[in-house]
Amino acid sequence: MSVATPLRAALPPAADRDPFFDNAKFLAITLVVSGHLIEGLRDVPVAHAAYFYVYTFHMPLFIVLSGYLSRNFTFSSGKARRLISTLAVPYVIFELLYSLPRLILYGKLDISLLDPYYLTWFLMSLFLWRLSTPVWQQLRWPLTVAVGLSLLSGMSRLPDELSMNRTLGLLPFYVLGLMLRPEHFEWLRRRWARAAGAIVLVLGGVLALATHSLVKTEWIRWRHANDAIGVDDLTGSLIRLGMLAAGALLVAAFLAVTPARRTWYSGLGAATMYAYLLHGLVVKVAERFYGDWAQTVAGVTAVALLGVGLAALLCTEPVRRATRWAVEPRMSWAFTGLRKPG
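What you see is a predicted model, and the numbers here were worked out from it, not measured in a lab.

**Regarding the overall build of the protein chain**
- A tally of helices and strands in the protein chain yields 16 helices and zero strands.
- Projected onto its principal axes, the C-alpha positions of the protein chain cover 65 × 50 × 45 Å.
- Within the protein chain, buried positions represent 50% of all 342 residues.
- Within the structure as shown, the protein chain displays about 16,000 Å² of accessible surface, and the carbon and sulfur contribution to it stands at 66%.

Put into structure tokens, the structure is as follows:
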């Protein structure tokens with residue numbers, strides 16, 4: 001879950017941007033940051049319920065938006081180069097950066113560029129999804145094929161390299177985004193759709209509070225095969241279908257209640273990649289200082305609100321200027337003029 005697509009796609013100047021998508025991305029990144037901050041507090045029932053609820057749809061939301069913003073991706077020189085400079089190079093940089101907290105805090109140095117660590121899996125998966133875009137645009141039933149691949153991936157113990165479990169498991173959300181058109185979002189902006197979306201989100205939260213202890217957390221992480229989670233393939237496939245449906249429904253509900261007008265955080269929503277990539281460094285340090293104060297409902301609430309503030313801070317212009325070298329590196333020096341076949 002640009003990412004500054006969310007997390008990234010070539011976007012028009014600020015004056016021409018649709019604030020709806022920037023609003024959606026900022027609100028979604030606050031869920032991502034707060035979700036990661038309360039992850040270490042899941043012994044508190046309300047924190048576990050909130051974690052389970054948010055993880056059901058927060059990355060599917062980013063993936064749907066990424067797919068929608070990738071509809072025009074081709075292998076033209078400009079877009080291929082942007083793919084390298086906005087996904088591949090930041091992936092390498094942050095794989096190296098995220099090795100530092102492990103080295104400092106745990107004395108462990110373990111770098112594997114093919115096996116994404118922590119939240120860098122999204123960059124790897126988005127890179128592969130975007131490369132596959134022209135293929136999905138040629139298929140008659142792309143979403144059906146993507147769902148089939150997602151279910152099949154749950155039947156095999158795929159290697160961790162290239163984040164294969166998540167890449168294939170969450171693929172339907174990217175393909176769904178590719179299939180969406182502006183009129184679909186206009187439909188979600190109708191008054192009755194907003195009301196229905198609010199009701200769905202509230203009911204989803206209540207359901208998560210009632211069932212979070214009954215469902216294994218691994219289902220919302222999309223990291224393992226069915227047998228690794230302890231179920232047969234038929235049961236696992238049905239659960240996966242349920243998770244895909246629940247994720248899609250909650251994504252639609254979330255987008256339905258997202259403001260379409262320009263807000264104070266619309267500008268921040270254009271830079272959510274910064275919050276996504278940088279917040280993990282803060283989380284890895286902050287969770288070392290959780291004490292008894294955090295193991296309460298009030299403590300969990302305070303940590304979650306801290307996540308909202310942190311997300312906003314990391315999207316601000318001063319932070320962007322200081323970290324642009326890592327998140328949006330200028331790579332023009334690395335490219336040659338366009339080579340044409342002889």
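What follows continues from the structure just given.
**Brief notes about the pattern of salt bridges**
- On inspection of all chains with the given rule, the structure shows eleven salt bridges.
- Its salt-bridge partner being glutamate 317, residue arginine 321 comes within 3.9 Å of it at the nearest N-O pair. A residue pair is termed a helical-turn pair when its members lie 3 or 4 positions apart in one helix, as arginine 321 and glutamate 317 do in helix α16 (residues 317-327) at four residues.

**Re the packing of helix α2 (residues 45-69) against helix α13 (residues 233-257)**
- At their nearest, the axes of α2 and α13 sit 8 Å apart, and the two run at 70 degrees to each other. Classified by the interaxial angle, the pair formed by α2 and α13 is roughly perpendicular. Mapping the contact onto sequence places Tyr53, Thr56, Phe57, Pro60, Leu61, Val64 and Leu65 in α2 and Met243, Ala246, Gly247, Leu250, Val251, Phe254 and Leu255 in α13.
- Looking at the contact of α2 with α13 residue by residue, the classes come out as twelve nonpolar, two polar and no charged.

**Some points on a nonpolar patch on the surface**
- Together, Val92, Leu96, Leu100, Leu103, Ile104, Leu109, Ile111 and Leu113 give the surface a local cluster of nonpolar side chains, amounting to about 710 Å² of exposed area.
- Of all the secondary-structure elements, those providing two or more residues to the nonpolar patch are α3 (77-97) and α4 (99-106).
- A per-element tally of the nonpolar patch places α4 first, with three residues.
- The residue isoleucine 111 is located in the loop between α4 and α5 (121-131) in this model.
- Residue isoleucine 111 is classed as partly exposed on the basis of its relative accessible area, which comes to 40%.

**Considering unusual backbone geometry**
- Phi at tyrosine 118 is positive, roughly 60 degrees, even though this residue is not glycine.
- Examined against the element boundaries, tyrosine 118 turns out to sit in the loop between α4 and α5.
- One non-glycine residue, tryptophan 222, lies in the positive phi region at around 60 degrees.
- By the secondary structure assignment, tryptophan 222 is in the loop between α11 (191-211) and α12 (226-229).

Cut-offs used in this document
Residues numbered from 1 in each chain as written. Predicted model: local features only at pLDDT ≥ 70, side-chain atom pairs only at ≥ 80, totals over all residues. Heavy atoms only, no water. Helix = DSSP H or I, 4+ residues; strand = E, 2+ residues; numbered from the N terminus. Buried < 20%, exposed > 50% of the residue type's maximum accessible area, 1.4 Å probe, protein only. Areas by Shrake-Rupley, 256 points an atom, 1.4 Å probe, with all protein chains shown as cover. Salt bridge = Lys/Arg side-chain N within 4 Å of Asp/Glu carboxyl O. Axes fitted to C-alpha atoms, helices over the stretch in contact; angles between N-to-C directions. Parallel < 35°, antiparallel > 145°, perpendicular 65-115°, else oblique. Contact = heavy atoms within 4.5 Å. Nonpolar A, V, L, I, M, F, W, Y, C, P; charged D, E, K, R; others polar. Patch = residues over 30% accessible without salt bridge, like charges linked within 9 Å, V, L, I, M, F, W, Y side chains within 5 Å.

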